[in-house]
Amino acid sequence: MTKSTFYTFFFFILILEVQGQNRMCHKILSETDCGAGSCGALCLQIWKGTGKCFQLIDQTFACLCNFPCSS
């Protein structure tokens, strides 16, 4: 039950995009290599934002990008 709830929440976050002025948007890049700062560099390059890797329940990593919605 907990695992299915987590995955439901995770997939909801994957498609979530907040629109608006002066708001922060978030995008999860699950196919990104999280070594050597590539997550942060990719987020900076694509959206002029910041990125941070985090570990998922299945021990894989994903990159969370945070950027201004106007980007």
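Residues numbered from 1 in each chain as written. Predicted model: local features only at pLDDT ≥ 70, side-chain atom pairs only at ≥ 80, totals over all residues. Heavy atoms only, no water.

Here we take up the packing of aromatic side chains. Inspection of the entire model under this criterion finds 1 aromatic pair. When the centroid spacing of 4.7 Å and the interplanar angle of 10 degrees are considered together, the rings of Trp47 and Phe67 count as stacked. One end of the pair, Trp47, is in helix 2 (residues 38-47); the other, Phe67, is in strand 3 (residues 61-68), with 20 residues separating them in the sequence. The class of Trp47 is buried, set by a relative accessible area of 17%. Phe67 gets classed as buried once you look at its relative accessible area, which sits at 7%. (Phe/Tyr/Trp six-rings, centres within 6.5 Å; stacked < 30°, edge-to-face > 60°. Helix = DSSP H or I, 4+ residues; strand = E, 2+ residues; numbered from the N terminus. Buried < 20%, exposed > 50% of the residue type's maximum accessible area, 1.4 Å probe, protein only.)

Per the counting criterion, the structure on display carries 4 disulfides. Each sulfur of the disulfide joining Cys25 and Cys69 lies 2.1 Å from the other. Linking Cys25 and Cys69, the disulfide has an S-S dihedral of approximately 115 degrees and is accordingly described as right-handed. In this pair, Cys25 sits in strand 1 (residues 24-29) while Cys69 sits in the segment after strand 3, placing the two residues 44 residues apart along the sequence. Residue Cys25 shares its accessibility class with Cys69, and that shared class is buried. Taken N- to C-terminal, the disulfide-bonded cysteines of the protein are connected 1-8, 2-5, 3-6, 4-7. (Disulfide = S-S within 2.5 Å.)

A separate point is the nonpolar core. Grouped together as the largest cluster of nonpolar side chains are 9 residues: Cys25, Leu29, Cys39, Cys43, Trp47, Cys63, Cys65, Phe67 and Cys69. When contributions to this core are tallied by element, the ones reaching two or more residues are strand 1, helix 2 and strand 3. Setting aside its immediate chain neighbours within four residues, Phe67 contacts Arg23, Met24, Cys25, His26, Lys27, Trp47 and Gly49. (Core = buried A, V, L, I, M, F, W, Y, C linked by side-chain atoms within 4.5 Å. Contact = heavy atoms within 4.5 Å.)

Functional significance is not addressed by these values, which are geometric in nature.
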